[in-house]
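Geometric and topological summary
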Amino acid sequence: MLVAGVLCLAFGFLRLPAFEELTARTVPILAFVLAMTVVTELVADAGLFQVLTDKIAVFGRGRVWVLWLLVIALATVSTVFLSLDTTAVLVTPVVVLLAVHARIPALPFALTAVWLANTASMLLPVSNLTNLLAQSRLGMSPVSFAGLVWAPAIAGIVVPVTMLGVAFRKQLAGRYGPQPTHNVRDRPLLLMCAATLVVLLPALVSGVPVQFPAMAAALVLLGVFLRRRPGSLRWSMVPWRPLMLTIGLFMVVETLHGIGLTPLLAGVAGTGDGFPSLLRLAGLGVAAANGANNLPAYLALEPVAGSPVRLAALLIGVNMGPLISPWASLATLLWHERLQALNVQIRWGGFAAAGLVAVVLLLPLSVLVLWLSSGAA
């Protein structure tokens, strides 16, 4: 995809002024993604997520449903503050292994992780790359952004959790025994990582451009690991393939807009802030995300979302909608890779059917509460 974007620029399909504008907008976002990936990888290497799951197992007091509720809290906080990809990559394996060691079905925990990785990614700009793009377009602070989308963000947590609780009520009704705990290799390192996160999370919602605190945290942790555990520093921590794919998508979609994509989509997406119009745009976002991927879906439809509430409706579609096809979001693909490594099998037919039911219920409700809470009603 990066090659396609470079060719668009080289042959003049992507105009240089448009490319310069695109670069100014997206480089800070990509810098944030890179820095946060390094931060979360190093925090995970220090064992923080394993320690959290150990605590969760203790707090569950042998009740599976309490354990599941605590996993919901972990997946939600991870998604909201550290991004959906962090939940897919780092939370999924620890909660699935927690279920395996407790000798309880892993599927409810695995589906909870991937559903919340997508549907809980509405509240803050840092929760999803699409949110960061929307925030840059709107020029909103993180608090203002949360003030726009808080109602559908709540729906994106409550509805999927309720569905999963009903569907897996029998599996969640049992008990589990004492769980083994993980040994902390370097407790000072773990404490330094935890302290860095404690400082970083409020900084990400302070209104300071998010790439700066993320880069500062990454540099601090790189310095700490260079001193205490240099063997953990490796080039594979850098998400080269996702970054190259994202840059290429930015360039290709910008090229398509330059040659007439926007007028074409405007006729399909409709106009206005009424409930039917918002639902139409969100539904189009769901279809585009599951047909291709949520990032190009957002980039393609952003120009036809001409108001803050319409942009929020588009985010509902491309953030909460990728529950049907495996390629609808990168987080789902990363989640599946982690499950394969753990020998946990997922049947995509059942995954798609359950996701379709969830989207049919979640989408209109989320758009409705957005419409009511935004003052567009």
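So, here is what we can say about the structure in this document. Throughout, a residue's number is its position along its own chain's written sequence, starting from 1. Note on the predicted model: pLDDT of at least 70 is required for a residue's local features to be given, and 80 or more for side-chain atom pairs to be given and counted; whole-chain, interface and lining totals, by contrast, use all residues. Side-chain metrics rest on all non-hydrogen atoms present in the structure, leaving aside hydrogens and water.

Re helix α7 (residues 129-138)
- Exposed residues in this analysis have more than 50% of their type's maximum accessible area, buried residues have under 20%, and partly exposed residues fall in between, with area computed by a 1.4 Å probe over protein chains only. Runs of H or I in DSSP of at least four residues are treated as helices and runs of E of at least two as strands, each being numbered from the N terminus. Burial analysis of α7 places 7 of its 10 residues in the buried class, the great majority of the element.
- Among all positions in α7, only L129, T130, N131, L132, L133, A134 and Q135 are buried.
- The inward-facing, buried residues of α7 contact α2 (16-45), α8 (142-167), α11 (240-258), α14 (294-301) and α15 (308-320).
- Of the residues one or two after α7, G139 is the one with positive phi, at around 70°. Every residue pair with non-hydrogen atoms within 4.5 Å of one another is taken to be in contact.

So, the side chain of T246
- Position of T246 relative to the elements: it lies in helix α11.
- The contacts of T246, once residues within four sequence positions are left out, are L30, L129 and L295.

Focus on the environment of A155
- Structurally, the position occupied by A155 is in helix α8.
- With a relative accessible area of 8%, A155 lands in the buried category.
- The spatial distance from the C-alpha of A155 to the C-alpha of A120 is 8.7 Å, given a sequence separation of 35 residues.
- The contact partners of A155, leaving out residues within four places of it in the chain, are P160, L362, S366 and V369.

What to know about the packing of aromatic side chains
- In this analysis, rings of Phe, Tyr and Trp, with Trp reduced to its six-membered ring, are considered paired at centre separations within 6.5 Å, and the interplanar angle assigns stacked below 30 degrees, edge-to-face beyond 60, and tilted for intermediate values. Across all of its chains, the model carries 5 aromatic pairs by this definition.
- Pairing W235 with W240 gives two aromatic rings, centres 6.3 Å apart and planes at 35°, and the pair type is tilted.
- Overall, W235 belongs to the exposed group, its relative accessible area being 68%.
- Put simply, the rings of W335, W348 and F351 touch in pairs and so form one group of aromatic residues.

Concerning the pattern of salt bridges
- Salt bridge, as used here: a side-chain nitrogen of Lys or Arg that lies within 4 Å of a carboxyl oxygen of Asp or Glu. By the definition in use, this model includes 5 salt bridges.
- Its salt-bridge partner being R137, residue E302 comes within 3.6 Å of it at the nearest N-O pair. Within this pair, whereas E302 is found in the loop between α14 and α15, its partner R137 is found in helix α7, the two being separated by 165 residues in sequence.
- With a relative accessible area of 4%, E302 lands in the buried category.
- Look at R137 and you get partly exposed, because its relative accessible area is 41%.

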